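Fold and geometry: a report
As a plain string of letters, each chain reads:
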Amino acid sequence: MARGRASAHMSTMTQTPVLNRPLKIDFVSDVVCPWCAVGLGGLSTALERLKADGITAEIAFRPFELNPQMAPEGETITEHVGRKYGSTPEQSAQNRAMITERAALVGFEMNMGEASRIWNTFDAHRLIHWAGTQGAEAQAAMKRSLLKAHFTDNRPLNDPEALIAAAAEAGLDADEARAVLAEGRFAQEVRAEEELWRSRGITSVPAIVVENKWLISGGQPAEVFEQALRQMATETAAG
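I will try to describe carefully the structure that is included in this document. Keep in mind that this is a model prediction, so the values were computed, not measured.

1. Describing helix α6 (residues 160–169)
Here α6 has its buried residues at A162, L163, I164, A166 and A167. Among the structural elements, α4 (122–132), α5 (136–152) and α7 (174–183) are those in contact with the buried residues of α6. Its side-chain oxygen at 3.0 Å from the backbone nitrogen of E161, D159 defines the N-terminal cap of α6. G171 occupies a position one or two residues after α6 and carries a positive phi of about 85°.

2. Structural notes on the environment of D159
Relative to the assigned elements, D159 resides in the loop between α5 and α6. Sequence separation of D159 and A192 is 33 residues, and the distance between their C-alpha atoms is 24 Å.

3. Some details on the environment of T56
When you line up the elements, T56 lands in the loop between α1 (34–50) and β2 (57–63). Taking relative accessible area as the criterion, T56 reaches 36% and is therefore assigned partly exposed. Not counting the four nearest positions on each side in its chain, T56 is found in contact with P22 and L23.

4. Description of the nonpolar core
Grouped together as the largest cluster of nonpolar side chains are 67 residues, with contacts concentrated most on M142 and L229. Here this core gets 9 residues from one element, more than from any other, and that element is α1. If sequence neighbours within four positions are ignored, L229 has contacts with L23, I25, L43, L47, L50 and V210.

5. Topic: the pattern of salt bridges
Counted according to the given criterion, the structure contains 21 salt bridges. R155 is the salt-bridge partner of E169, the closest N and O atoms lying 2.8 Å from each other. Remark: R155 occurs in the loop between α5 and α6 and E169 occurs in helix α6; sequence separation between them is 14 residues. On the basis of relative accessible area, E169 is assigned to the partly exposed category, the value being 48%. Among the residues examined, R155 registers a relative accessible area of 21% and is labelled partly exposed. A salt bridge links R185 to E183; its shortest N-O distance comes to 2.9 Å.

Thresholds, definitions, all that
Residues numbered from 1 in each chain as written. Predicted model: local features only at pLDDT ≥ 70, side-chain atom pairs only at ≥ 80, totals over all residues. Heavy atoms only, no water. Buried < 20%, exposed > 50% of the residue type's maximum accessible area, 1.4 Å probe, protein only. Helix = DSSP H or I, 4+ residues; strand = E, 2+ residues; numbered from the N terminus. Contact = heavy atoms within 4.5 Å. Polar contact = N/O pair within 3.5 Å; in protein donor to acceptor, adjacent residues only side chain to side chain. Core = buried A, V, L, I, M, F, W, Y, C linked by side-chain atoms within 4.5 Å. Salt bridge = Lys/Arg side-chain N within 4 Å of Asp/Glu carboxyl O.

Written out as structure tokens, the structure is:
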């Protein structure tokens, strides 16, 4: 699992920026990354606050696989963090409790236990890409539905029916989602995007890239996002 650390240090701005367009945000993440759920909640809260100052954003969700070699049957969280990070079961439990608390602060419910599993997420990313062809709102709904399916509902992301159900709950066409999965659609596009972001130096997630030049790393609190985005908007407006 990715760590929640800040890489954006922005000073507080008192002047309200004047923007004639939304900020462009690429949200690079994985649907089995708990800090990605926390970070999305913090970012969403910050953007709600910034609306009063006329600061808006267009978010595109970009694929990143934390565990591209994960076996089809997945691993339990305890097995996974023990193998990948050397964490003991006790440390894993403490980490889950801390992340669950952070998620609750941004209104996201996590129900992770020692038997919860980590999955290969390539098919989930294909559905997110497909949703993006139908617009930003559809893609955001698909992303949030998959995060909920994994972290809140503990659904098996290796099961196509679980992915299709998540698409339906996002308001997307279930039959079309089934066809996307069955026919292998968007595999090439997802691989290309993953390689693009790796080539740009993204090695951990969430990575929130603003206007192709600023990076905010980790599952930050809303206050960090708000402060950073306010200054980025000011600099963007200034040209």
